Amino acid sequence: MAIDGPAGAGKSTVAKAVAKRLGYRYMDTGAMYRALAWKAMRHGAAPDDESALGRILESTDVDLGADGTVMLDGADVSGAIRTPEVGQMASQVSGMKIVRQRMADLQRAMGRSGSVVAEGRDMGTVVFPEAEVKVYLDASPETRARRRFDELAAKDSTLTLEQTLADVMRRDRRDKERAVAPLRRADDAVFIDSTAMPVDAVVDRILQEVNSKSNENGRIA
Ligand code: DC
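Now for a look at the structure at hand.

Let's shift gears to the packing of aromatic side chains. In total, this model carries one aromatic pair according to the counting rule given. Both rings, one in Tyr136 and one in Phe191, keep their centres 6.1 Å apart while their planes meet at 15°; by these two values the pair is stacked. You can see Tyr136 sitting in strand 7 (residues 134–138) and its partner Phe191 sitting in strand 8 (residues 190–193), a full 55 residues away along the chain. Residue Tyr136 is classed as buried on the basis of its relative accessible area of 6%.

Put into structure tokens, the structure is as follows:
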């Protein structure tokens, strides 16, 4: 299953819940880009320095644990990558073809190991175009900024809602406008606007879609 959408749309919460209900593996592909971005920052690499990023990629191992842990070269970076700065850097480095190719290879390899709920920006369009169910999850920019702010404010008391909104909008613009694998709704993705929907309602809507798809497939078979 592929779930795509902009920052703060609720993808992670919903994807985790759906994966749990179906007994599928949850795959947070944004965390993979964040882990690479975090490493690039530590190496002082500029976001547009393709050769430096290429070198870093060659010696980088990113893996996602079944419990959602993000492992980078054998170390747990799950908490360290959840900052707005790492998010911006991830959005920048993810525009590079060399980076996307490597990540897509890793993601497809994980996908081959069993049923997954993969969330990101290009799951339904590029990485898993054959996914059984595709969802494009969106919400108003204000709602998305508020969700991100609520997540991050506990860790950073200097953060403001206005800053978070600007951050989210800058990232969305970049993710939608990049040349390689931009964020867009796949033609066959179900569109869900979660602005006024509680998490449970979004999860139920997706599970409904899963059921109707398996009934359809059953009829065809
Ligand atoms: O989902 P997230 O906010 O953790 O993702 C961080 C950045 O990574 C996002 O701004 C764009 C990039 N990304 C991507 O290009 N493709 C994906 N499949 C997932 C994330």
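Moving on: the environment of Thr164. Along the chain, Thr164 turns up in helix 8 (residues 161–177). Judged by its relative accessible area of 4%, Thr164 is buried. Through-space distance from the C-alpha of Thr164 to that of Ala179 is 25 Å; in sequence the pair is 15 residues apart. Non-local contacts of Thr164, meaning those with residues more than four positions away in its chain, are made with Ala145, Arg148, Phe149 and Leu159.

Moving on to the site of the ligand. As a structural note, the neighbourhood of the ligand is formed by 16 residues, with Arg34, Arg100, Asp122, Arg171 and Asp175 the closest of them. Ser94 is positioned with one of its side-chain polar atoms (N or O) 3.2 Å from an oxygen atom of the ligand. Between Arg121 and the ligand, the recorded distance is 2.9 Å, taken from a side-chain N or O atom to an oxygen atom. When the ligand is considered free in solution it has 450 Å² of accessible area, and contact with the protein chains removes 98% of it. Of all elements in the fold, only helix 2 (29–42), helix 4 (84–93) and helix 8 reach the threshold of two or more residues within the shell around the ligand. Broken down by element, the residue count for the shell around the ligand peaks at four residues, all from helix 2.

Turning next to helix 4. The element helix 4 is extensively covered by neighbouring structure, given that seven of its ten residues are classed as buried. For helix 4, the set of buried residues is Val86, Gly87, Gln88, Met89, Ala90, Ser91 and Val93. Where the residues of helix 4 are buried, they touch helix 2, helix 3 (50–58), helix 5 (97–112) and helix 8.

Rules used throughout
- Residues numbered from 1 in each chain as written.
- Predicted model: local features only at pLDDT ≥ 70, side-chain atom pairs only at ≥ 80, totals over all residues.
- Heavy atoms only, no water.
- Phe/Tyr/Trp six-rings, centres within 6.5 Å; stacked < 30°, edge-to-face > 60°.
- Helix = DSSP H or I, 4+ residues; strand = E, 2+ residues; numbered from the N terminus.
- Buried < 20%, exposed > 50% of the residue type's maximum accessible area, 1.4 Å probe, protein only.
- Contact = heavy atoms within 4.5 Å.
- Near = heavy atom within 4 Å.
- Polar contact = N/O pair within 3.5 Å; in protein donor to acceptor, adjacent residues only side chain to side chain.
- Areas by Shrake-Rupley, 256 points an atom, 1.4 Å probe, with all protein chains shown as cover.

These figures come from the coordinates and say nothing about function on their own.
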